[in-house]
Amino acid sequence: MPELQRLHPDHLPALLTFEQENRAYFAASVPDRGDAYFAHFAARLTALLTEQAEGICHFHVLVDPNGEILGRFNLMDAADGSAELGFRVAEKAARRGLATATVLHLCTLAATEYGLTTLRAAAALDNTASRTVLTRAGFVPTGEEVQLGGRPGLGYVRGTAPQV
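Residues numbered from 1 in each chain as written. Predicted model: local features only at pLDDT ≥ 70, side-chain atom pairs only at ≥ 80, totals over all residues. Heavy atoms only, no water.

A.B. asks: Would you take a moment to explain the packing of helix α1 (residues 12-21) against helix α4 (residues 41-53) for this structure?
C.D. replies: In a packed pair of helices, the relevant descriptors are the angle between the two axes and the axis-to-axis distance. For the pair α1 and α4, the least separation of the axes is 11 Å and the interaxial angle reads 115°. The angle between α1 and α4 falls in the class roughly perpendicular. For α1 against α4, the interelement crossing comes out right-handed. Across the interface between the two elements, Leu12, Leu15, Leu16 and Glu19 of α1 pack against Phe41, Ala42 and Leu45 of α4. Among the residues forming the contact of α1 with α4, the class breakdown is six nonpolar, no polar and one charged. (Axes fitted to C-alpha atoms, helices over the stretch in contact; angles between N-to-C directions. Helix = DSSP H or I, 4+ residues; strand = E, 2+ residues; numbered from the N terminus. Parallel < 35°, antiparallel > 145°, perpendicular 65-115°, else oblique. Left-handed = near helix turned anticlockwise from the far one by under 90°. Contact = heavy atoms within 4.5 Å. Nonpolar A, V, L, I, M, F, W, Y, C, P; charged D, E, K, R; others polar.)

And the structure:
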C-alpha cells in the first residue's frame, strides 16, 4: 500500500523521475513547468524544503513500497488556518482511487498536524479527473472563476472537519 510521506531531501531522485516520466501526461491537463524547472530541480527542491521548514507550505509525496513516487500532494501558502491544496498523480496510478483517498488523508493531516481549518483548491474546467477528486473528497465549488495557465477553471473549498 502506498504511503503519504512528508517531502524530504532523500526524495529528490525519485521525485525528479516522477516529474520527468509524467511530464507529457501532466501537460495534457495542467500547464507544463518548462525545461528550466527540470534543469534547476535540486535548487527548487531546496527552496520548497525551506518553505516547509518555515511552516509556509506542507509538501508530501505518495510513495509505493519500492520507493517509487506515485503522486505529489501539497498544502501551500498556509496562513490564518487556511491553505491551498495542489496534487498530481502519476499516469500509471490514475483511476485507482489513490488521489481521492490521499486527498482525504491530507485533509485529516491538515487539521491534526498543521492546525488548518479550511482548504482551497482550483481545477481547470476541462480537468475532469481533478474536479472529480475534489468533489469526492468533499470540496465544493465556490463559484469563483479562475484562470489556470490560461485555461478557465473553478475554485473549490472544504473545511478540514471530518465529512459525514
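A.B. asks: Explain the side chain of Thr160 to me, please; I cannot follow it from the model alone.
C.D. replies: With respect to the secondary-structure elements, Thr160 resides in the segment after β7 (151-159). On the basis of relative accessibility, which here comes to 9%, the residue Thr160 falls in the buried class. Polar contacts involving the side chain of Thr160 include one to the main-chain carbonyl oxygen of Leu116, which spans 2.7 Å. Discounting chain neighbours no more than four positions away, the residues touching Thr160 are Cys107, Ala110, Ala111, Leu116, Thr117, Thr118 and Leu119. (Buried < 20%, exposed > 50% of the residue type's maximum accessible area, 1.4 Å probe, protein only. Polar contact = N/O pair within 3.5 Å; in protein donor to acceptor, adjacent residues only side chain to side chain.)

A.B. asks: Help me understand the pairing of strand β6 (residues 140-148) in this model?
C.D. replies: Residues in a regular strand project their side chains so that they alternate between the two faces of the sheet. Of the pairings in the sheet, the one linking β6 to β7 comprises six bridges and is antiparallel in character. Along β7, the bridge assignment pairs Gln147 with Pro152. In this structure, the hairpin formed by β6 and β7 is closed by a connection of two residues, where Gly149 is found at a positive phi of approximately 60°. (Pairing = 2+ DSSP bridges.)

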